[in-house]
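Close look at the chain arrangement
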Amino acid sequence: MIRVLLADDHAIVLEGLRALLDGEPGIRVVAATTDGAEVARLVEQHKPDVVVLDLELAGIKGTQVLTALRGRPAPPKVLVLTAYNDGEALRSALDAGADGLALKTESPQQTLTAIRQVHAGQLVFPQAARRWIEGRGTGAPGDLTPREREVWALMAAGLTNPEIAERLGLSDNTVKFHVQHLFSKLGVKNRTEAALRYAHGR
Amino acid sequence: MPGAGLLLLGVAVKRRDADVRAAASRRLLATSERELQRIVLDMHDGPVQDIFAALSQLQVLERALAPDPPSQVRARQAMGLLERALGEIRNFIGAFRPPGFERRPLGAIIEGLAVQHETLTNQAVELTVPADLGDCTLAAKIAIYRILQEALANGHRHSGAPGQRVMVARRDVTITLTVSDDGKGFDPERVLAREADVGVEGGHFGLRGIQDRVAMLGGTFALESAPGHGTSLTVALPAE
């Protein structure tokens, strides 16, 4: 069961999303608020798995809410819900440590899918945002970057993402991005497959 | 020679007139961005929230209508229409929402635009921005952003190339922006003449608009292209 907290400035959006999510198997809305200052308390109280967060909240800046959530011992996944899909919105969400971005200018079905994806540990951002994580000028698909090879080796050795992050002196999000691209370049679906490929002579 | 004094005075007055006009042009640029910001905010706070909420509710309704297929089809049609409306708003907001001109330096704004272009079009942008690019005046930043946006849009619509190159450089107080591709190319004179005749359609200000923005800031504009030989657009603008 994915437990979801909704935080959005617009009551009608909360009402709509809540109706939609409550009708979805395996998802339950545990709380909803239009007040950004309430988010931290509600997270403490309900311990949601995923927080769906509008960055344009009343009372407090959405990015501040996000940063505060990141500082918790077991932070929930955070999916930023916004009307803007430009560089500015992506940058703000990434900088504040969000796990994904869903758009209010797309079908709500996309938000639903994104909630499941961030809950499963995926980073849900457009591929184009990679340049902010990996630096500019990434190689052609099929070629692993030196960093991706390092991540791959550590993953094959059984390290988790936070452990890899610590080992390489990177942020968790950066490692997640490397893992995401590693999977797509290797054409594998998960860590086990990636480790097997590594073990079988790469 | 009293005449020479008058002449010099005349030159000074002209210079002052030119300065006043240039300052007014710069203010006008900032004002039009603020107006765009306001329109985008109105779209954001009104129709976007309403349509998104309505779509959520409709989706619930659509599921509940499973026992009544004809009604379910109608619900789906309504959802399709609303999604189309949202898509149009998305394009509008994407094109017109000003980035954080006051908050972010020039390099970050250019990067943001490159990411946005790749996300919206799937066309790759090869970006070269020096780490020490520094910042520039608000007017120059706005001009560079809007010019790059237009150039990338043109390159995507017309070049047929899988990617474009964007290079930004700074020498003293001049910022140079070059946008190039290896696509189809065109005859610049014919295109510029046509734009002068019929104006530019579809909310795009075109090459003519790029030249106007450059002229307002006292910069230079160069366009190299020929059918079959790709396109390269270079503008140089004063940063201060």
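Residues numbered from 1 in each chain as written. Chains lettered and ligands numbered in written order. Predicted model: local features only at pLDDT ≥ 70, side-chain atom pairs only at ≥ 80, totals over all residues.

A few points about the overall build of chain A
Rules: Only DSSP runs of H or I covering at least 4 residues are called helices, and only runs of E covering at least 2 are called strands; the numbering of each starts at the N terminus. Counting other C-beta atoms within 10 Å of a residue's C-beta gives its exposure: the residue is buried at 20 or more, exposed at 12 or fewer, and partly exposed in between, where C-beta atoms are placed from the backbone. The contact criterion used is a C-beta to C-beta distance within 7 Å, with each C-beta placed from the backbone.
When helices and strands are tallied, chain A shows 10 helices and five strands. C-alpha atoms of chain A, sized along the principal axes, occupy 55 × 35 × 30 Å. By the burial criterion, 42% of the 202 residues in chain A qualify as buried. Long-range pairs, those at least 24 residues apart, make up 58% of the contacts in chain A between residues at least 6 apart in sequence.

A short note on the overall build of chain B
Scanning chain B from terminus to terminus reveals six helices and five strands. Counting from the amino terminus, chain B carries its helices and strands in the arrangement α-α-α-β-α-β-β-α-α-β-β. Considering only intrachain contacts with a sequence separation of at least 6, the fraction spanning at least 24 residues in chain B is 67%.

A word on the nonpolar core
Rules: By convention the nonpolar core is taken to be a set of buried residues drawn from Ala, Val, Leu, Ile, Met, Phe, Trp, Tyr and Cys and joined through C-beta atoms within 7 Å.
Ranked by internal contacts, the top residues of the largest apolar core, which has 83 residues, are Val51, Val52, Leu53 and Leu79 of chain A together with Ile144 and Leu148 of chain B. By residue number, the principal contributor to this core is helix H4 (residues 138-158) of chain B, which donates 10 residues. Setting aside its immediate chain neighbours within four residues, Ile144 of chain B contacts Leu106, Ile175, Leu177 and Leu237 of chain B. Of all hydrophobic cores here, the second largest spans nine residues; its members include Trp152, Ile164, Ala165 and Val179 of chain A.

Here we look at the packing of helix H4 (residues 87-95) of chain A against helix H3 (residues 106-121) of chain B
Filter applied, for reference: Axes here mean lines fitted to C-alpha atoms, for a helix over just the part in contact, with angles spanning 0 to 180 degrees between N-to-C directions. Any angle from 65 to 115 degrees is called roughly perpendicular, while one under 35 is roughly parallel, one over 145 is roughly antiparallel, and all others are oblique.
For the pair H4 of chain A and H3 of chain B, interaxial distance at closest approach is 8 Å and the crossing angle is 105°. With respect to H3 of chain B, the element H4 of chain A is oriented roughly perpendicular. Mapping the contact onto sequence places Gly87, Glu88, Leu90 and Arg91 of chain A in H4 of chain A and Glu111, Gly112, Leu113, Val115 and Gln116 of chain B in H3 of chain B.

Some points on the interface of chain B and chain A
To be explicit about the condition: Gly is put with the polar residues, along with every residue not named as nonpolar or charged; the nonpolar set is Ala, Val, Leu, Ile, Met, Phe, Trp, Tyr, Cys and Pro, and the charged set is Asp, Glu, Lys and Arg.
Taken residue by residue, the interface counts 29 residues in chain B and 27 residues in chain A. Secondary-structure elements contributing two or more residues to the side of chain B that touches chain A are helix H1 (2-64), helix H2 (69-96) and H3 of chain B. Of the residues in the side of chain B that touches chain A, the class split is 12 nonpolar, 10 polar and seven charged.

Details of the sheet that holds strand E1 (residues 2-7) of chain A
Residue and element names in this part refer to chain A. Rules: Strands qualify as paired when DSSP identifies two bridges or more between them.
The five strands are arranged E2-E1-E3-E4-E5 in an open sheet whose pairing can be described as parallel. Taken across any chain shown, the strands that pair with only one partner, and hence form the sheet edges, are strand E2 (27-33) and strand E5 (100-103). The average undirected angle you get between the axes of adjacent strands in this sheet is 25°. When E1 meets E2, the two strands line up parallel, connected through six bridges.

Focus: the environment of Gln64 of chain A
Along the chain, Gln64 of chain A turns up in helix H3 (residues 62-70). On a C-alpha basis, the gap between Gln64 of chain A and Gly36 of chain A in space is 9.2 Å, while along the polypeptide they are 28 residues apart.

Let's talk about the sheet that holds strand E1 (residues 124-128) of chain B
Working definition: the strands of a sheet are paired by backbone hydrogen bonds and lie parallel or antiparallel to each other. Residues and elements named next belong to chain B. The five strands are arranged E1-E2-E3-E5-E4 in an open sheet whose pairing can be described as mixed. Strand pairing shows two members of the sheet lacking a second neighbour, E1 and strand E4 (220-225), which therefore form its edges. Across the sheet, the axes of successive neighbouring strands diverge by a mean angle of 15°, strand direction being ignored. Against the sheet, H3 touches E1 and strand E2 (163-171), its axis set at about 165° to E1. Where H4 meets the sheet, its contacts fall on E2, strand E3 (174-181) and strand E5 (231-238), and the angle it forms with E3 comes to roughly 10°.

Comments concerning the domain arrangement of chain B
All names here are of chain B. For the record, the criterion: By convention here, the domain bounds are inherited from an automatic or database domain assignment.
According to the domain assignment, chain B consists of domain 1 (1-98) and domain 2 (106-238). Taken together, the contact pairs eight residues of domain 1 with nine residues of domain 2. The set of elements that each furnish at least two residues to the side of domain 1 that touches domain 2 consists of H1 and H2. Per-element tally for the side of domain 1 that touches domain 2: the top contributor is H1, with six residues. Class assignment of the residues belonging to the side of domain 1 that touches domain 2 gives a composition of four nonpolar, two polar and two charged.

Brief notes about the domain arrangement of chain A
Residue and element names in this part refer to chain A. When the domains of chain A are assigned, the result is domain 1 (2-125) and domain 2 (130-199). With centres defined by C-alpha atoms, the gap from domain 1 to domain 2 works out at 26 Å. Between domain 1 and domain 2, the contact holds four residues from the first and five residues from the second. The class makeup of the residues in the side of domain 1 that touches domain 2 is two nonpolar, one polar and one charged.

Quick look at the environment of Gln127 of chain A
In this structure, Gln127 of chain A sits in the loop between helix H5 (108-119) and helix H6 (130-134). For Gln127 of chain A, a count of 13 C-beta atoms within 10 Å corresponds to the partly exposed category.

Comments concerning the pairing of E5 of chain A
All names here are of chain A. Filter applied, for reference: With the strands aimed away from the viewer, a crossover counts as right-handed if its path from the first strand over the helix to the second runs clockwise.
Alternating positions in E5 separate into two faces, Gly100 and Ala102 on one and Leu101 and Leu103 on the other, with burial throughout. The pairing of strand E4 (residues 77-82) with E5 spans four bridges and is parallel. Paired with Thr82 across the bridge in E5 is Leu103. Handedness of the crossover joining E4 and E5 through H4: right-handed.

Some words on H3 of chain A
All names here are of chain A. For clarity, the threshold we go by: Picture the helix axis, draw a direction to every C-beta atom, and the arc is the one those directions span.
Of the residues making up H3, those classed as buried are Gly62, Val65, Leu66 and Leu69. The arc that holds the buried residues of H3, viewed along the axis, is 100°, so those residues lie on one side. Elements that come into contact with the buried residues of H3 comprise helix H2 (39-46), strand E3 (50-54) and E4.

Quick word on the confidence of the model for chain A
Residue and element names in this part refer to chain A. Applicable threshold: Confidence of the predictor in every single residue is expressed as pLDDT, which spans 0 to 100.
Averaged over all residues, the pLDDT of chain A equals 84, while 92% of them reach at least 70. The lowest-confidence element of chain A is H6, averaging 64 in pLDDT; the highest-confidence one is E1, averaging 97. A low-confidence stretch, residues 135-141 stays under pLDDT 50, and its non-local contacts, those more than four residues away or across chains, total six contacts.

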